[in-house]
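# Fold and contact review
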Amino acid sequence: MSDLNAPTDAPARKNAPALEAFWMPFTANRQFKAAPRMFVAADGMHYTTDDGRQVLDGTAGLWCCNAGHGRRGIASAVERQLATMDFAPTFQMGHPIAFEFAERLAEIAPGPRGKKLDRVFFTGSGSESVDTALKIALAYQRAVGQGTRTRLIGRERGYHGVGFGGISVGGIVSNRRAFPTLPGADHLRHTHDPAKNAFTKGQPEHGAELADDLERLVALHGAETIAACIVEPVAGSTGVLVPPKGYLERLRAICDAHGILLIFDEVISGFGRLGAPFAADFFGVTPDLVCTAKGLTNGTIPMGAVFAGRHVHDALMDGPDGIELFHGYTYSGHPVACAAGLATLDIYRDEGLLTRAAELADDWASAMHDLRGRNRVIDIRTIGLIAGIELEPRPGAPGKRAYDVFVDCFVRGLLIRVTGDIVALSPPLILEHGQIDEIARVLGDAIDRVA
């Protein structure tokens, strides 16, 4: 699996560092630091803990290490680039590797031939990609003479990162509760309907009509006020919510009818997670903009990218000479990140990883759905190499049941992710059939033990 067997000249770090200084993200800091869980190495499909145990990675790190861990090709490319040129600005300057990476991405860009989203704006993360796409949408509407279109539409139970734009269109209440959001943002109803669609493999049969909620918002606010609608094709961070059959097609048609740009947040679903390069390809629905990150560099160097259709890009290129989009980041097109990204694309191509999930999807779905009937399992959802196993919440303690399963799995050598009382799985695309069975066995035993 891994091709990095990795001696390093760097001094070894102690396995028991002081914990006070690091303010951990999206973590109950006091709880964690009272009983820390530490990884110190990673290779192939496994992490190594500070006490020397092997832990099977059921989450591709954080939905990002699609090619597994410790890939020598990526490490070598990063080393070469650091030795050649560690940084160069992309404000009014350029460097070849950024253009090369953009061209390589354009070759696999979402969309059918002739309509590919092959104009690429680099960012530093998924959150930055979302805020960038929202700003591009606003700039596009101004450029085509629709300057009244400033409203942005997201969806309940959506996650679009933690920038102010992302939390405004996002649908996780706790992400918005403590912070101000952009004025005018509104939200579609979510698509989760366990009463009709429980224990579904692939796309649910019921719920395409939920896309019509965008018509309600058009009637409420006026189409002339709405710039863009952003959704995750498959919502990951809120518990693997798969779009009903026909839903995305209907959303695309409504956006077209009202001059609204459609943005897909593919930070999770991009780069092979569903068995196609992008969810847009998998579902056969082409948006106007696509947000990416995570699998872009296999999680090795932070980086994101927004893919734009030529109609969006070119609208901003038709104005007067000068800066067409007043937006960017110091690290847009960072040379070392580009080197990591190019090496990642080589691995995806050479090992067929952008479509490998399609080969494993049936076995994956069967193994996950075999957990039906386990203690307190109330729903299972699978698509590509993603699964969501929903547990019945404990009375008065939402999220505690799944958290206990998470800890039990870690102790027994499996990394899972939980959101509320939903277990989310997204293993690296180098997953083998025997590891599918191992994930199902360890998770099922943990559910029975603690749920």
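Residues numbered from 1 in each chain as written. Predicted model: local features only at pLDDT ≥ 70, side-chain atom pairs only at ≥ 80, totals over all residues. Heavy atoms only, no water.

## Focus on the packing of aromatic side chains
- Taken as a whole and assessed by the stated rule, the structure comprises nine aromatic pairs.
- With a centroid separation of 5.4 Å and an interplanar angle of 5 degrees, the aromatic rings of Phe-101 and Phe-122 are classed as stacked. With Phe-101 in helix α4 (residues 96-107) and Phe-122 in strand β4 (residues 119-123), this pair connects stretches of sequence that are 21 residues apart. Like Phe-122, Phe-101 is buried.
- In textbook terms, an aromatic cluster arises when at least three aromatic residues are bridged by ring pairs, as seen for Phe-271, Phe-278, Phe-307 and Tyr-348.
- One cation-aromatic arrangement involves Arg-53 over Phe-410; the distance from NZ or CZ to the ring centre is 5.0 Å.
- The side chain of Arg-372 reaches across the aromatic face of Phe-199, ending 4.0 Å from its centre. (Phe/Tyr/Trp six-rings, centres within 6.5 Å; stacked < 30°, edge-to-face > 60°. Helix = DSSP H or I, 4+ residues; strand = E, 2+ residues; numbered from the N terminus. Buried < 20%, exposed > 50% of the residue type's maximum accessible area, 1.4 Å probe, protein only. Lys NZ or Arg CZ within 6 Å of the ring centre and 35° of its normal.)

## Observations concerning unusual backbone geometry
- Positive phi values are uncommon outside glycine, yet Phe-199 reaches one of about 60 degrees.
- Assignment of secondary structure puts Phe-199 in the loop between α8 (194-197) and β7 (200-201).
- Residue Phe-199 is classed as buried on the basis of its relative accessible area of 19%.

## Topic: the sheet that holds strand β6 (residues 186-188)
- A sheet is described by the order of its strands in space; here seven strands give the open sequence β4-β11-β10-β9-β8-β5-β6, paired in mixed fashion. The open sheet has two edge strands with one neighbour each: β4 and β6. Averaged over neighbouring strand pairs, the angle between their axes works out to 25 degrees when direction is ignored.
- Sheet topology note: the strand β8 (residues 226-231)/strand β9 (residues 261-265) ladder contains four bridges and is parallel. Bridge pairing in β9 places Ile-230 opposite Ile-263.
- Along the sheet face, helix α9 (residues 213-221) touches β5 (151-155), β6 and β8 and points at about 150 degrees away from the line of β6. (Pairing = 2+ DSSP bridges. Axes fitted to C-alpha atoms, helices over the stretch in contact; angles between N-to-C directions. Contact = heavy atoms within 4.5 Å.)

## Digging into the packing of helix α14 (residues 353-369) against helix α16 (residues 433-450)
- Orientation of α14 relative to α16, taken along the N-to-C sense of each, is 20 degrees, at an axis distance of 9 Å. By the angle class used here, α14 and α16 are roughly parallel. Every pair of crossing elements has a handedness; the one defined by α14 and α16 is right-handed. In this structure, α14 contributes Leu-360, Asp-363, Trp-364, Ala-367 and Met-368 to the contact, and α16 contributes His-433, Ile-436, Ile-439 and Ala-440.
- Of the residues belonging to the contact of α14 with α16, the class tally is seven nonpolar, one polar and one charged. (Parallel < 35°, antiparallel > 145°, perpendicular 65-115°, else oblique. Left-handed = near helix turned anticlockwise from the far one by under 90°. Nonpolar A, V, L, I, M, F, W, Y, C, P; charged D, E, K, R; others polar.)

## Concerning a nonpolar patch on the surface
- There is a patch of nonpolar side chains on the surface, built from Phe-164, Phe-179 and Leu-182 and spanning about 300 Å² of accessible area.
- If you trace the backbone, Phe-164 turns up in helix α6 (residues 164-169). (Patch = residues over 30% accessible without salt bridge, like charges linked within 9 Å, V, L, I, M, F, W, Y side chains within 5 Å. Areas by Shrake-Rupley, 256 points an atom, 1.4 Å probe, with all protein chains shown as cover. Salt bridge = Lys/Arg side-chain N within 4 Å of Asp/Glu carboxyl O.)

## Here we look at the sheet that holds strand β2 (residues 46-49)
- Taken together, four strands build an open sheet; the order of strands is β1-β2-β3-β14 and the sheet is mixed. The open sheet is flanked by β1 (39-43) and β14 (414-415), the only strands paired with a single partner.
- In this sheet, β14 lies alongside strand β3 (residues 54-57) in parallel orientation, the contact comprising two bridges. Residue pairing for β14: Asp-57 is matched across the bridge by Leu-415.

## Remarks on the pairing of strand β13 (residues 386-391)
- Most of β13 sits inside the fold, with six of its six residues counted as buried.
- Burial along β13 is two-sided: the residues Ile-386, Gly-388 and Glu-390 and Ala-387, Ile-389 and Leu-391 are all buried.
- When strand β12 (residues 377-383) meets β13, the two strands line up antiparallel, connected through six bridges. For Arg-381, the partnering residue across the bridge sits in β13 and is Gly-388.
- Taken together, the four bridges between β13 and strand β16 (residues 422-425) define a ladder with antiparallel strand orientation. When the bridges of β16 are listed, Ile-389 appears paired with Val-423.

## Side note on the pattern of salt bridges
- With the rule as written, the count across this model stands at 22 salt bridges.
- Measuring nitrogen to oxygen at the nearest pair gives 2.3 Å for the salt bridge that ties Arg-71 to Glu-351. Of this pair, Arg-71 sits in the loop between α2 (60-63) and α3 (72-84) while Glu-351 sits in the loop between α13 (335-350) and α14, and the two are 280 residues apart along the sequence.
- We classify Glu-351 as partly exposed; its relative accessible area is 37%.
- The residue Asp-288 makes a salt bridge to Arg-252 at a minimum N-O spacing of 3.0 Å. One end of the pair, Asp-288, is in the loop between α11 (279-283) and β10 (289-292); the other, Arg-252, is in helix α10 (residues 247-258), and 36 residues separate them in sequence. By the burial criterion, Asp-288 is buried, and Arg-252 matches it.

## Things to note about the packing of helix α5 (residues 126-143) against helix α12 (residues 310-317)
- Interhelical geometry of α5 versus α12 gives an angle of 60 degrees and a closest axis separation of 9 Å. Our classification of the angle between α5 and α12 gives oblique. Crossing geometry of α5 relative to α12 is assigned as left-handed. Facing Ile-136, Ala-139, Tyr-140 and Ala-143 of α5, the residues of α12 in contact are His-311, Val-312, Ala-315 and Leu-316.
- Of the residues that constitute the contact of α5 with α12, the class distribution is seven nonpolar, one polar and no charged.

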